[in-house]
Amino acid sequence: MPATIEECQMSLSELKALTRTKSEDMDDIRVVLKAYARKLQDYPRDVTLHVLSTQSDLSEWWPPWSDLRERLEIYTSKRRHILAALDAGNAA
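Here's a quick rundown of the structure. (Residues numbered from 1 in each chain as written. Predicted model: local features only at pLDDT ≥ 70, side-chain atom pairs only at ≥ 80, totals over all residues. Heavy atoms only, no water.)

1. Some thoughts on the pattern of salt bridges
Where we set the bar: Salt bridge, as applied in this entry: a Lys or Arg side-chain nitrogen positioned within 4 Å of an Asp or Glu carboxyl oxygen. Strands are runs of DSSP state E lasting at least 2 residues, helices are runs of H or I lasting at least 4, and numbering of each runs from the N terminus.
The full count for this structure, using the stated rule, is 4 salt bridges. Between Arg20 and Glu60 there is a salt bridge; the shortest N-O distance is 3.2 Å. On the criterion of sequence distance, the pair formed by Arg20 in the loop between α1 (5-18) and α2 (26-39) and Glu60 in the loop between α3 (45-58) and α4 (65-91) is long-range, its members being 40 residues apart. Across the pair Glu73 and Arg80 runs a salt bridge, and its minimum N-O distance is 2.8 Å.

2. Thoughts on the nonpolar core
Within soluble globular proteins, side chains that are nonpolar tend to cluster in buried spots. Selection rule: Put simply, a nonpolar core is a bunch of buried Ala, Val, Leu, Ile, Met, Phe, Trp, Tyr and Cys residues held in one set by side-chain atoms that sit within 4.5 Å of each other. Here's how the labels work: a residue is buried when its accessible area is under 20% of the maximum for its type, exposed when over 50%, partly exposed in between, all with a 1.4 Å probe on protein chains only. Two residues qualify as a contact provided that any one of their heavy atoms is within 4.5 Å of a heavy atom in the partner residue.
In this structure, Leu12, Leu40, Trp65, Leu68 and Leu72 are the most contacted members of the largest nonpolar core, which totals 17 residues. Mapped by element, the contributors of at least two residues to this core are α1, α2, α3 and α4. At 4 residues, α2 tops the list of elements feeding residues into this core. In this structure Leu68 touches Tyr36, Val51, Leu52, Gln55 and Pro63, once residues within four positions along its chain are discounted.

3. Details of α1
For clarity, the threshold we go by: Take the residue count of a helix, subtract one, and multiply by 1.5 Å to get its expected span. Read the arc as the range of directions from the helix axis to the C-beta atoms.
Between its terminal C-alpha atoms α1 stretches 20 Å, which fits the 20 Å expected from 14 residues at 1.5 Å a residue. Within α1, the full set of buried residues consists of Cys8, Ser11, Leu12, Leu15 and Lys16. Viewed end-on, α1 has its buried residues packed into an arc of 145°, placing them on one side of the element. Relative to its buried face, α1 has exposed residues pointing more than 90 degrees away, namely Glu6, Met10, Ala17 and Leu18.

4. Looking at the environment of Arg80
The following threshold applies: We define a polar contact as two N or O atoms separated by no more than 3.5 Å, with the added condition that, inside protein, one atom must be a possible hydrogen donor and the other a possible acceptor, whereas residues neighbouring each other in sequence contribute only through side-chain atom pairs.
Topologically, Arg80 is positioned in helix α4. In this structure Arg80 comes out as partly exposed when scored by relative accessible area, which is 37%. Once you skip the residues sitting within four places of it in the chain, Arg80 turns out to touch Asp42, Tyr43 and Glu73. Separated by 2.8 Å, the side chains of Arg80 and Glu73 make a polar contact.

Next comes the structure, spelled out in structure tokens:
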């Protein structure tokens, strides 16, 4: 199950508070937070919350989506392989 949009937005807001960004106006930041929150719906809740809560320990800068996606995929790929194997076993 993915994190709720509200959980994603709260975690992203916390990450925003802990990292630095280039000067942007608030409208741009809101758009970025909403876009990231929608993309995070493709990942399990625990993985999403872990990646967002630890990102500021890795970099003082706001991450581009590609950096978050890479970390999300690392934590999620093993689960996807297990699920695929279970599905293959059930189909047999």
